[in-house]
Amino acid sequence: MPWHVNRVTSPETHVRRSQCVTHNARRRNGEVYDGTDVKFITNTSGVQALKAEMSGTQSVGFKKRPETMILLGGEKMKIWRTGKRLLVVVLWLAAIGGIAAITDLSISRVASAQELDCFTCHGTPNFGTTKNFRGEIVSKTVNKTKFEKSVHGAFLTCTTCHAGVDKVPHEITPANLKTARDACLTCHPDVYDTYKTSAHGQLTTQNPLAPAPSCADCHGNHYVERTKTAAFRADVPRLCGKCHDNRYEGYLETYHGKAGVLGRKDVATCADCHTAHSMMAVSDRRSTVAMANRVKTCGKCHEGANKNFASIAIHPHEGDAKGYPILFWTKLFFMVLTWSVIAALMGHLFLNFIRTIVEKRRERGGTV
Amino acid sequence: MKEQVTVSKPGLIETHLEAGGKTQSEVAGKAQPEIVGAIHAEVPAETPSVERFKLVERVQHLVLLTTFLGAAFTGMPLKYKTSWWAAPLMSTYGGVWIAGRIHRFFAATMLLLSVFHLGYLAYYMLVKRISPFKMPLFPTWNDVKQVGQNLAYFLGLRKERPAFTKFAYYEKFDYWAVFWGIVIIGGSGLVLWFPTLATRVLPGIAVNVALIMHSDEALLAVLAIFIWHFYNVHWNPDIFPMNWTMFTGRISLARLKEEHRGEYQQLVEDGVIRPLGGAAGHGHHDR
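In every chain, residue numbers begin from 1 and rise along the written sequence. Each chain gets a letter, beginning with A, and each ligand a number, beginning with 1, in the order they are written. Residue-level local features of this predicted model are given only where pLDDT is at least 70; pairs of side-chain atoms are given and counted only at 80 or more, and the full residue set underlies all totals for whole chains, interfaces and linings. Hydrogens and waters are ignored; side-chain quantities use all the structure's heavy atoms.

A. View of the overall build of chain B. Strands are runs of DSSP state E lasting at least two residues, helices are runs of H or I lasting at least four, and both sets are numbered from the N terminus onward. Each helix and strand in chain B was counted, giving 12 helices and 2 strands. Its helices and strands in sequence order give chain B the pattern α-β-α-α-α-α-α-α-α-α-β-α-α-α, from N to C terminus. Here chain B holds 287 residues, and the buried ones make up 49% of them. Residue contacts are counted whenever heavy atoms from the two residues lie within 4.5 Å of one another. By sequence separation, contacts in chain B at least 24 residues apart represent 71% of the contacts at least 6 residues apart. Here chain B displays about 14300 Å² of accessible surface, and carbon together with sulfur accounts for 69% of that area. Type-normalised accessible area, obtained with a 1.4 Å probe on protein chains alone, sets the label of each residue: buried when under 20%, exposed when over 50%, and partly exposed for intermediate values. The method behind every accessible area is Shrake-Rupley, applied with a 1.4 Å probe, and residues are considered shielded solely by the protein chains displayed.

As structure tokens, then:
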């Protein structure tokens with residue numbers, strides 16, 4: 001196993017590791033021995049001696065200097081030992097750096113014993129359902145593999161977000177639910193500050209139960225995706241369409257929507273015009289889609305955008321006779337035209353066909 | 001019928017009927033003799049035929065059909081984006097962006113063709129001094145009457161087709177449908193192609209209207225071509241598999257007599273062609 005060796009998976013290993021850490025810290029702090037004593041002793045014997053001393057079964061024995069020391073003489077021995085240690089440290093650093101560079105993995109995660117416990121139950125399929133803070137029924141199962149592949153899987157554990165959930169059965173208090181929901185702002189305060197001012201954020205900060213999305217509604221909770229990928233970008237209209245379905249349908253009828261569905265990656269999606277975290281009502285002067293700012297917003301892609309250009313309906317609804325009467329009547333006109341013309345042509349064609357067949361039979365001398 | 005009819009008959013615009021009011025013999029004499037069938041393998045040499053479309057008109061049709069198919073096949077996947085065939089078709093073109101460029105290439109060529117055709121009409125009007133009202137594709141009251149007569153024929157209420165002249169009403173319909181279609185689709189297409197330019201003059205909603213017009217009129221055009229036009233020139237049992245007249249430029253006298261009796265009779269009367277024997281006009285068709 002290459003670098004994954006570092007991912008310590010058993011609680012036992014974990015405990016051993018932390019004990020070592022404690023030992024080293026103690027050694028550094030000089031609680032047990034002073035530096036002059038330790039530096040002549042090999043690591044293994046040092047630890048053994050330390051263990052012995054800690055258990056109180058044996059008095060400190062390192063003050064006896066090894067015979068080699070006497071043979072080589074004090075100063076030379078000191079230099080030689082120090083050099084060897086430096087070499088070992090340098091080699092270790094080189095090895096770690098090399099492996100990290102090869103695997104391109106800068107963060108290694110040490111699973112905590114607590115996380116393993118969570119997946120014991122929550123990792124099983126169909127573990128049941130519960131209600132979230134909105135009262136919506138959600139699954140209690142979390143796919144461990146999917147979680148670990150997500151953006152956060154590499155370094156967050158369950159209780160990073162679900163803080164305070166440390167007993168079985170869990171105490172589900174309003175405070176607990178709130179902690180989980182607001183967990184994002186612990187690490188992403190800047191995004192939260194932007195979000196707070198948005199149309200969505202104003203609703204949810206006033207009332208957490210308001211029908212407006214907070215972080216997880218768009219980014220997901222346990223399987224947060226990278227947002228800079230083409231896949232996430234292509235999914236944005238559908239995401240927004242979960243609530244703004246009317247706008248979504250209208251958007252799909254425009255070139256942006258159609259080309260996007262067929263895989264064009266550079267067409268505008270919702271967030272390109274509305275922004276991802278600071279979307280505001282058209283009536284808000286700060287909004288990127290406020291009438292005063294639209295020319296600039298369209299101009300990001302459309303060179304030479306003007307005021308009329310910026311007033312193109314970007315997600316119109318042809319069926320909305322009141323909102324878009326011109327589009328409604330245009331659509332209706334062409335529908336009536338198309339289907340009446342095609343019906344007439346088909347009728348003509350059909351009658352022609354019948355008569356042609358009849359003529360052909362008659363010519364062959366058959367009866368009609 | 002071994003006799004060859006060597007009349008070169010003018011195409012869309014010039015007919016002997018409207019060629020400046022000349023006498024029949026003048027028109028016939030002016031016509032350049034051609035060895036019928038020698039250059040067009042589809043028409044057997046012994047089949048008497050007359051020219052129906054000039055070379056320049058046939059080339060226009062060829063350009064129109066190429067650009068139409070090109071634009072239709074690159075545009076339709078966008079209209080029916082969620083259909084099972086849309087995405088695979090788009091990817092064969094190399095994606096939406098490239099398909100868009102191909103679409104514009106065909107569209108621009110078709111618009112150039114339209115300009116050429118308008119020039120062609122203008123040439124006949126201004127240089128050859130033929131009134132557009134006398135051009136054989138101009139709709140007349142007689143066409144309306146012939147619609148009724150033809151439907152009666154279909155229903156068995158009449159024994160014969162109406163005496164269609166050079167272009168029957170359904171052929172005129174095809175011509176004017178293309179005319180209307182290019183105005184609607186071409187005009188709206190230009191707005192969609194250059195939205196920032198168009199909105200210097202037009203309001204923003206015009207671009208939305210243009211999209212509906214472009215898309216819906218294109219559907220009408222595609223349906224009309226693939227159902228109606230293809231029936232008339234391919235699927236019709238009298239014609240199957242194909243009517244080659246638009247490519248060879250010639251129509252056999254037998255077919256002329258059958259489908260354009262008015263014109264046939266006029267040509268016979270004018271002495272341009274000799275009448276077919278009794279048997280040739282009925283029953284048997286040459287392509």
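B. Structural view of the confidence of the model for chain B. Residue and element names in this part refer to chain B. Each residue carries a pLDDT value, the predictor's own confidence for that position, ranging from 0 to 100. For chain B, per-residue confidence averages 85 on the pLDDT scale, and residues scoring 70 or more make up 81% of the total. Predicted confidence is poor over residues 16–45, with pLDDT under 50, and the contacts of this stretch with residues over four places away or in other chains come to 43 contacts. With pLDDT under 50 throughout, residues 279–287 is counted as low confidence; its partners more than four residues away or in other chains account for 18 contacts.

C. Local environment of the environment of B:Y170. Residue and element names in this part refer to chain B. Looking at the secondary structure, you find Y170 in helix 6 (residues 169–193). For Y170, a relative accessible area of 13% corresponds to the buried category. Separated by 62 residues in sequence, Y170 and N232 place their C-alpha atoms 9.4 Å apart.

D. Representation of the packing of helix 2 (residues 55–79) of chain B against helix 3 (residues 86–93) of chain B. All names here are of chain B. Between helix 2 and helix 3, whose axes approach to 9 Å, the crossing angle comes to 135°. In this view, helix 2 runs oblique relative to helix 3, as classed from their interaxial angle. As helix 2 packs across helix 3, the resulting crossing turns out to be left-handed. Touching F73, T74, P77 and L78 of helix 2 are A86, L89, M90 and Y93, all from helix 3. Residues of the contact of helix 2 with helix 3, tallied by class, amount to 7 nonpolar, 1 polar and no charged. To define axes, lines are fitted to C-alpha atoms, for helices over the stretch in contact only, and angles between the resulting N-to-C directions are given on a 0 to 180 degree scale. We call two directions roughly parallel when the angle between them is under 35 degrees, roughly antiparallel when it is over 145, roughly perpendicular when it lies between 65 and 115, and oblique otherwise. Whether a crossing is left-handed or right-handed is set by the direction in which the near helix is turned from the far one by less than a right angle, anticlockwise for left-handed and clockwise for right-handed. Side-chain classes follow a simple rule in which Ala, Val, Leu, Ile, Met, Phe, Trp, Tyr, Cys and Pro form the nonpolar group, Asp, Glu, Lys and Arg form the charged group, and the remainder, Gly included, forms the polar group.

E. Fine view of the nonpolar core. All names here are of chain B. Counting 11 residues, the largest nonpolar core is built from L12, I13, F53, Y120, L121, Y124, I130, M135, L137, F167 and Y175. With 3 residues, the top contributor of residues to this core is helix 4 (residues 96–127). Residues in contact with Y120, not counting those within four places in the same chain, are I13, K54, V56, E57 and Q60. V50, L256, L267 and I273 belong to the second-largest nonpolar core, a separate cluster that totals 10 residues. What we call a nonpolar core is a set of buried Ala, Val, Leu, Ile, Met, Phe, Trp, Tyr and Cys residues that are connected through their side-chain atoms within 4.5 Å.

F. Molecular detail of the interface of chain B and chain A. In this complex, chain B contributes 51 residues to the contact, which on the side of chain A involves 46 residues. Two parts lose some accessible area (1.4 Å probe) when they are put together, and adding that loss for both gives the buried area. The largest contributions to the chain B side of the interface with chain A come from B:K81, B:F154 and B:I212, which together make up 16% of the buried area. When a carboxyl oxygen of Asp or Glu lies within 4 Å of a side-chain nitrogen of Lys or Arg, that pair is called a salt bridge. For the pair chain B and chain A, the number of links is 3 salt bridges. The partner of A:K360 in a salt bridge is B:D238, and the shortest N-O contact between them spans 3.4 Å.

G. Seen up close, the pattern of salt bridges. Considering all chains together, one arrives at 22 salt bridges over all chains under this definition. Among the ionic pairs, A:K196 bridges to A:D193, the shortest N-O distance being 3.5 Å. In this pair, A:K196 and A:D193 are both assigned in helix 11 (residues 189–197), 3 residues apart and thus about one turn of the helix distant. A salt bridge links B:K81 to A:E253, with the shortest nitrogen-to-oxygen separation between them at 3.5 Å. Of this pair, B:K81 sits in the loop between helix 2 and helix 3 while A:E253 sits in the loop between helix 15 (245–252) and helix 16 (255–261), on two different chains.

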